[in-house]
Amino acid sequence: MDLLLVEDDAALGKSLRQGLEESGHNCNWVRDGGRGLDLASSQQFDVVILDLMLPDLPGMEILGRLRSQGIGTPILVLTAKGSVDDRVAGLHAGADDYLAKPFAFSELTARLQAICRRSQNRPSQLLESGLLRLDLATRRVTRDGKEIELTPTEFSMLEFLMRYSGQVVTRKMLCEHLWEADWEGVTNVIEVHINRLRGKIDRGFSEPLIQTIRGRGYVIRAK
């Protein structure tokens, strides 16, 4: 695993880095919360091991900033603050696991392995079709880097089309996905939303992404 350890205690940090590297992992150790936030925001790690009581930037603030930026890297909180209220607050803030000090090194490595297994089984939070990108974590949609503002209905419709990229999606499927209602026959509501969605994602681009398949439905396809 590629790990980021954010821990200001010099003795503990050195010991953990050595133990993790001897266990076969890559461990980048920083003692500064601001540096930890920068690295976690800009580089890809399998897990971030985060102390909460950092002198410059509290761990809870780092955790909150990462999650608000849509960064979904698994985070294991490692701290002396081990009360039930502390653990609940950390998990609610976006931590994937919480281990109180003092701890057994074998338990730490077991928890890291478990976090990685869970993260590998998570569905992708990023859908892509050509230059069109939809981020489920941040609910941002961009095409060739240009941000596109969508209504909740348009976002849900585009997400469904992108999950079935290259396949025909019928009006019935869209209706039941959007409103969880049985299909009741002919309606132009879906067509109205599709036309509005097309206008937003195709504006300024020569290649239309959503195509109508006459008599069948719609397909999103990018070359």
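As a reminder, the structure under discussion sits directly above these lines.
What comes next is a walk through the structure. If you're wondering where the values come from, they're calculated on a predicted model, not measured in any experiment.

Regarding unusual backbone geometry
Stage number 1. The omega torsion of the bond from Lys-101 to Pro-102 falls at -5°, within 30 degrees of zero and hence cis.
Stage number 2. Following the sequence through the fold, Pro-102 ends up in the loop between strand 5 (97-100) and helix 5 (105-120).
Stage number 3. Even without being glycine, Asp-144 reaches a positive phi, approximately 55°.
Stage number 4. One can find Asp-144 in the loop between strand 8 (140-143) and strand 9 (146-148).
Stage number 5. Among the residues examined, Asp-144 registers a relative accessible area of 53% and is labelled exposed.

Focus on the packing of helix 2 (residues 33-42) against helix 3 (residues 59-68)
Stage number 1. Where helix 2 contacts helix 3, the two axes come as close as 10 Å, and the packing angle between them is 20°. Taken together, the axes of helix 2 and helix 3 are roughly parallel relative to one another. Crossing of helix 2 over helix 3 shows right-handed handedness. For the pair helix 2 and helix 3, contact is made by Gly-33, Leu-37, Ala-40 and Ser-41 and by Ile-62, Arg-65 and Leu-66, respectively.

Here we look at the pattern of salt bridges
Stage number 1. Counting across every chain of the model gives eleven salt bridges.
Stage number 2. A salt bridge links Lys-101 to Glu-7; the shortest N-O distance between them is 2.8 Å. Residue Lys-101 is found in the loop between strand 5 and helix 5, and its partner Glu-7 is found in the loop between strand 1 (2-6) and helix 1 (10-22); the two are separated by 94 residues along the sequence.
Stage number 3. Residue Lys-101 is classed as partly exposed on the basis of its relative accessible area, which comes to 22%.
Stage number 4. Look at Glu-7 and you get buried, because its relative accessible area is 1%.
Stage number 5. Arg-143 is the partner of Asp-202 in a salt bridge, and the nearest nitrogen-oxygen pair spans 2.9 Å. Taken together, the residues Asp-202 in the loop between helix 8 (189-201) and strand 10 (210-213) and Arg-143 in strand 8 connect sequence positions 59 residues apart. Both residues of the pair, Asp-202 and Arg-143, belong to the buried class.

Details of the sheet that holds strand 9
Stage number 1. Strands sit in the order 6-7-8-9 across an open sheet of four strands; the sheet is antiparallel. Across the chains shown, the open sheet's two edge strands, defined by having one partner strand only, are strand 6 (126-129) and strand 9. In this sheet, adjacent strand axes meet at a mean angle of 25° when their direction is disregarded.
Stage number 2. Two elements, strand 8 and strand 9, share three bridges in a ladder whose sense is antiparallel. Its bridge partner being in strand 9, Val-141 is matched across the sheet by Ile-148.
Stage number 3. Relative to strand 7 (residues 132-135), helix 6 (residues 152-163) is tilted by about 115°, and along the sheet it contacts strand 6, strand 7 and strand 8.

Scoring rules and cut-offs
Residues numbered from 1 in each chain as written. Predicted model: local features only at pLDDT ≥ 70, side-chain atom pairs only at ≥ 80, totals over all residues. Heavy atoms only, no water. Helix = DSSP H or I, 4+ residues; strand = E, 2+ residues; numbered from the N terminus. Buried < 20%, exposed > 50% of the residue type's maximum accessible area, 1.4 Å probe, protein only. Axes fitted to C-alpha atoms, helices over the stretch in contact; angles between N-to-C directions. Parallel < 35°, antiparallel > 145°, perpendicular 65-115°, else oblique. Left-handed = near helix turned anticlockwise from the far one by under 90°. Contact = heavy atoms within 4.5 Å. Salt bridge = Lys/Arg side-chain N within 4 Å of Asp/Glu carboxyl O. Pairing = 2+ DSSP bridges.

Taken by themselves, the reported measurements are silent on function.
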